[in-house]
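A look at the structure
The lines below spell out each chain.
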Amino acid sequence: MADNQSPELFGQTPWQTVGPFFHYALPWWGGADLTGQSDIGAAPTRLVGHNPALNHSHGRPMPAGEPIDIFGRVLDGAGEFVSDALIEIWQADADGQYGGAFPGFGRAPTDEAGVFHFRTIRPGSVPGPGKTLQAPHIAIGVLGRGLLKRLVTRLYFADAPQNDSDPILDLVPAERRPSLIAQRDGEAWRFDIVLSGPNETVFFDC
Amino acid sequence: MSADTPFSPEDPAAQPASLFPDYRSTVLRSPSQPLIRIPQTLTETSGLSDGWDRLMGGAFADLTTQHEGVALGQRIVVTGRVLDENHRPVPRTVIEIWQANSAGRYAHVRDQWDAPLDPNFSGAGRVVTDDDGAYRYLTVRPGAYPWGNHHNAWRPAHIHLSLLGPAFATRLVTQMYFPDDPLIEIDPIANAVPLPYRQRMVSRFDIGTTVPNWALGYNFDIILRGREATPTED
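In this report, we go over the structure that sits alongside the text. Please read these numbers as outputs of a predicted model, since none were measured by experiment.

Structural notes on the overall build of chain B
The number of helices and strands found in chain B is three helices and 12 strands. With the C-alpha coordinates of chain B rotated into their principal frame, the extents come out at 55 × 40 × 35 Å. Taken across its 234 residues, chain B has 57% of its residues classed as buried. In chain B, the proportion of contacts linking residues at least 24 apart, taken out of those at least 6 apart, comes to 71%.

Printed below as a string of structure tokens:
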């Protein structure tokens, strides 16, 4: 009987989709605000009844650095808004450090119009392969119904001079790099994610 | 082994492709361009290894007594270990759990199937591995449910599991299935993973894990990507 406990089957557990019903388990109050100041990130309009496991994480001290807002839309191959995606981010703090007091990790579900919103701190530069330095960036994981496994991409900032020498951007054909660059949009940053089609976002295997 | 030691690549035989047309929602949601291979940098080899409880919340390992009354359904204990590919335990890592109730209904506004909600069952929990990577939680066996993928489509009973592991690169979301469920082999989501690897998602009934006169028991180990061996490693 081959099953999960069979030694001959030992190896990576396969990915499966989060499906459409993750909202009462994965997002939490404050999950999309890495500065710890607000409760954005939960999806109260998707919930039925009281869920005691749903956490509140806001009320932490304001971290050092420049607070920023990031808005984006998730679109499918037909240009339709994806209203049941979950965006996860992982980033360094303002000094380019991982694993300090700044959590660096956040989650935002897309809303009915396919929009996600994070509030965070603009990250510093972090070391790259060899002696290189990476431009300030945010690692992004895209999950959702219809996504059997996570899609990984990165967000860079349009006004960062380090982008020209970033070792990861350098691996991306020039004509596809714009999909990785967030643009100023008023006071906020705009970063859309296109899962498929002509303006498809660059996704990484890493 | 240091924080910037890379992880072994995803196993292309065991991991599903993004596009699996039998699961219809993948068709418009899968990249048409090949993924661009990049080296793992500190960004990918670091992660939220601790402090996650300040964010998503602490352990909630009993899903059956979160409300005033007791959840309806067959009580089950699920135990196992979280290991990496090198057979090393992954200690103090969080597993997020969510599932339908025993009738196959999710506590979610978009689940409109006509099966009863259980006011005493939300279906969400979290459990933390110990120093040996072991975990244990108590829940009710979820029901199967129909979905709109194709005519008369039914999802096999399953529990959703989400793990961060030690790094951005070790993220895993999977589904745990139950042994001897005839719906598995006709389910497009499970079948996106070919045999024999699909069987890695099927738990084993274990009489030793049952609690006499109380709950049935299932075993399920979860294997994350492991760090590659380096010449400096002993």
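Some words on the pattern of salt bridges
Counting across every chain of the model gives 19 salt bridges over all chains. We note a salt bridge from Arg-190 of chain A to Asp-185 of chain A, for which the minimum N-O separation is 4.0 Å. Its relative accessible area of 34% is what places Arg-190 of chain A among the partly exposed residues. Accessibility expressed as a relative area gives 44% for Asp-185 of chain A, which makes it partly exposed. The shortest N-O distance in the salt bridge between Arg-92 of chain B and Asp-131 of chain B comes to 2.3 Å. In this pair, Arg-92 of chain B sits in the loop between β2 (75-84) and β3 (94-99) while Asp-131 of chain B sits in the loop between β4 (124-128) and β5 (134-140), placing the two residues 39 residues apart along the sequence.

Regarding the nonpolar core
As a rule of thumb, nonpolar side chains are buried together in soluble globular proteins. If you look at the biggest cluster of nonpolar residues, it comprises 69 residues, and the most contacted ones within it are Leu-161 and Ile-222 of chain B. Among the elements that line this core, the one with the most residues is β3 of chain B, at four residues. Other than its neighbours up to four places away in sequence, Ile-222 of chain B contacts Thr-13 of chain A together with Arg-81, Val-82, Leu-83, Ile-95, Tyr-135, Leu-161, Leu-163 and Leu-172 of chain B. Counting 28 residues, the second largest nonpolar core, distinct from the first, contains Ile-87, Phe-116, Ile-121 and Phe-191 of chain A.

With respect to the sheet that holds β3 of chain B
Residue and element names in this part refer to chain B. Spatially, β4-β3-β8-β9 is the arrangement adopted by the four strands of the open sheet, whose pairing is antiparallel. Of all strands in the sheet, those with a lone pairing partner are β4 and β9 (172-177), marking the two edges. For this sheet, the mean inter-axis angle between neighbouring strands, taken without regard to orientation, is 25°. Sheet topology places strand β8 (residues 158-163) next to β9; six bridges connect them, and they run antiparallel. What sits directly across from Ser-162, in β9, is Val-173.

Comments concerning the pairing of β8 of chain B
Residues and elements named next belong to chain B. Counting buried residues along β8, six of its six residues qualify, which places the element largely inside the surrounding structure. With five bridges connecting them, β3 and β8 associate as antiparallel partners. Counterpart to Gln-99 in the pairing with β8 is Ile-159.

Reading guide: rules and limits
Residues numbered from 1 in each chain as written. Chains lettered and ligands numbered in written order. Predicted model: local features only at pLDDT ≥ 70, side-chain atom pairs only at ≥ 80, totals over all residues. Heavy atoms only, no water. Helix = DSSP H or I, 4+ residues; strand = E, 2+ residues; numbered from the N terminus. Buried < 20%, exposed > 50% of the residue type's maximum accessible area, 1.4 Å probe, protein only. Contact = heavy atoms within 4.5 Å. Salt bridge = Lys/Arg side-chain N within 4 Å of Asp/Glu carboxyl O. Core = buried A, V, L, I, M, F, W, Y, C linked by side-chain atoms within 4.5 Å. Pairing = 2+ DSSP bridges. Axes fitted to C-alpha atoms, helices over the stretch in contact; angles between N-to-C directions.

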